[in-house]
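# Understanding the architecture of this molecule
If you want the building blocks of each chain, they are given just below.
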Amino acid sequence: MNWRFWGLEALAVGLPVAAVIATPDPMGYKVLSGLAAGLLLPLRHRWPRLTVLLCMPAMAGGLGWAAMLVAMFRLGRVRPKPPELAGWVLLTCVVAVAPVLITQSLTPGSILLTLAFVVLSAGAPAVLGLLVALREQLAESLQRLADAGEVVAQAKAEMAKSEERARIAREIHDAVGHHVTLIAVESAALGASSGEASVREAATRVRGLAKQALDEMRTTLGLSSTTAEAEARTITDLVGQARASGVDVELTGELEHHEVPGAVERAAYRVVQEALTNASKHAPGAGVRVDLSNRADALRIVVTNDAPDDEPITELTGGAGLEGLSERIRMAGGELDAGPSEDGGFRLVALLPQDS
């Protein structure tokens, strides 16, 4: 409940009614018309002009000033045009002065003083209401301007962040891309100059991996659109590359590309890629198994590797690859569970919703 509104309303209605009741005339026309004007004041919120008209009989009786002040203030709050507001003030003055001039003989000076009092009494609350309404409108405009300023400031901040990200991306591309390109060139030169087939095969494989790494870095940094070759890479190709590098990896299950959304397929690719990278780094020589289970509502990926030759895996080690992968899957609405397995190896389970 708005106590402030009802408190002000009680004062706006109660004071004019109390002023009328306090007059010595118990039940005359003046008192009845004044009470009616005061009790009808709540109508001013919906019909301010009608309320002013309903106060006119009390003005003619001489006890409607208190109610008229409240009604004229409300009329000013609705912001009528200046000619209309002046017309209401003039009508109020005529209704208030006419009975006085008819019933009493006043000197010219008294008439001027009466007119000045009536004009001031009728016009002041109307002008005050108009000023309050303009003040509220100005406050709202300033608030909207402040909100717009905050939006502009946020947009500038986001633009500055985007520009900084783009600058960092270009620097990373220039620094890392240069060395990756040199690796690809040196691999090609090694393959062309070597007479051994195994060296040429390894050099060709290194050159392909360097080129793939450069393409993926450019795509990730947003410095180039995803190429058709990158879009065509599948988990099967990833497993084949791992096998060619000497990793003992077994793949069970297959993704149906026409059934799996593109975002889910890309996330699944990154899951298997990160899992194979971790297995090669932390468990060299261990066997790796990749299982893909394409359900109706979700894609389940399980990657397990045997224990390394030197010692079993008892805790998560390494960089932030798994953390970044977990965040990526979480943003896609999925779940990731990774940790050591009972046989001393490592097990990674990812669940990706099909509606991503």
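Residues numbered from 1 in each chain as written. Predicted model: local features only at pLDDT ≥ 70, side-chain atom pairs only at ≥ 80, totals over all residues. Heavy atoms only, no water.

### Structural notes on the confidence of the model for the chain
Operational definition: Confidence of the prediction at every residue is given by pLDDT, a number between 0 and 100. Only DSSP runs of H or I reaching four residues or more are called helices, and only runs of E reaching two or more are called strands; each is numbered from the N terminus.
Confidence along the chain averages 80 in pLDDT terms, with 87% of residues attaining 70 or more. The element-level mean pLDDT for the chain is lowest in helix α9 (residues 228-232), coming to 48, with helix α3 (residues 48-54) highest at 90.

### As for the sheet that holds strand β4 (residues 335-340)
Stated formally: Only strands joined by at least two bridges in the DSSP assignment are considered to pair. In this analysis, axes come from line fits to C-alpha atoms, helices being fitted only over the stretch in contact, and the angle between any two N-to-C directions falls in the range 0 to 180 degrees. Only heavy atoms matter for contacts: two residues are in contact if any of them lie within 4.5 Å across the pair.
In spatial order, the strands read β1-β2-β3-β5-β4; together these five strands make up an open sheet with mixed pairing. Only two strands of the sheet have a single neighbouring strand rather than two, namely β1 (249-252) and β4. On average, adjacent strands in this sheet sit at an angle of 10 degrees to one another, irrespective of strand direction. The sheet strands contacting helix α10 (residues 235-244) are β1 and β2 (288-294), and the helix crosses β1 at an angle near 160 degrees.

### What about a nonpolar patch on the surface?
Here is the rule we go by: Residues with no salt bridge and a relative accessible area higher than 30% make up the patches, which join like charges within 9 Å and nonpolar side chains (Val, Leu, Ile, Met, Phe, Trp, Tyr) within 5 Å. Each accessible area value is a Shrake-Rupley result obtained with a 1.4 Å probe; residue values ignore everything except the protein chains displayed when judging cover. The salt bridge definition used is simple: a Lys or Arg side-chain nitrogen within 4 Å of an Asp or Glu carboxyl oxygen.
A surface patch of nonpolar side chains, amounting to about 480 Å² of accessible area, comprises L40, W47, L50, L53, L54 and L91. Top contributing element to the nonpolar patch by residue count: α3, with three residues. Within the secondary structure, L54 sits in helix α3.

### Section: unusual backbone geometry
Note: most peptide bonds trans; most residues except glycine with negative phi. We count it as follows: Accessible area is worked out with a 1.4 Å probe on protein chains only. A residue is then buried under 20% of its type maximum, exposed over 50%, and partly exposed in between.
One non-glycine residue, R79, adopts positive backbone phi at about 55 degrees. Here R79 lies in the loop between α5 (65-77) and α6 (82-103). For R79, a relative accessible area of 41% puts it in the partly exposed group.

### Some details on the pairing of strand β3 (residues 298-305)
Note on strand geometry: in a regular strand, side chains alternate between the two faces of the sheet. Here β3 lies mainly inside the structure; seven of its eight residues are buried. One ladder, built from seven bridges, connects β2 with β3; its direction is antiparallel. The partner of L292 across the bridge, within β3, is I301.

### Topic: the packing of helix α1 (residues 3-21) against helix α2 (residues 29-39)
Axes are the key here: two packed helices are described by the angle between their axes and the distance separating the axes. So the rule is basically this: Any angle between 65 and 115 degrees counts as roughly perpendicular, while under 35 counts as roughly parallel, over 145 as roughly antiparallel, and the rest as oblique. Under the convention adopted here, Pro, Cys and the residues Ala, Val, Leu, Ile, Met, Phe, Trp and Tyr are nonpolar, Asp, Glu, Lys and Arg are charged, and Gly plus all remaining residues are polar.
It is the contact of α1 with α2, at a shortest axis distance of 8 Å, that shows an interaxial angle of 175 degrees. In terms of axis orientation, α1 runs roughly antiparallel to α2. In this structure, α1 contributes V13, V17, V20 and I21 to the contact, and α2 contributes V31, G34, L35, G38 and L39. Looking at the contact of α1 with α2, its residues break down into seven nonpolar, two polar and no charged.

### Topic: the nonpolar core
Put simply, the test is: Remark: nonpolar core denotes a set of buried residues (Ala, Val, Leu, Ile, Met, Phe, Trp, Tyr, Cys) joined through side-chain atoms within 4.5 Å.
Grouped together as the largest cluster of nonpolar side chains are 28 residues, with contacts concentrated most on V249, L276, I301 and L352. The dominant element in this core, judged by the number of residues it contributes, is helix α11 (residues 262-282), at nine residues. Setting aside its immediate chain neighbours within four residues, I301 contacts A268, V271, V272, D291, L292, L348, V349, A350 and L352.

### Notes on the pattern of salt bridges
For the structure on display, the rule yields four salt bridges. Between D306 and R289 there is a salt bridge; the shortest N-O distance is 3.1 Å. One end of the pair, D306, is in the loop between β3 and α12 (321-331); the other, R289, is in strand β2, and 17 residues separate them in sequence.

### Overview of α10
For clarity, the threshold we go by: Directions from the helix axis toward the C-beta atoms define the arc.
Taken as a whole, α10 has its buried residues at I235, L238, V239 and A242. With its buried residues spanning 95 degrees around the axis, α10 presents them on a single face. In the stretch just after α10, G246 is the one whose phi turns positive, near 100 degrees.

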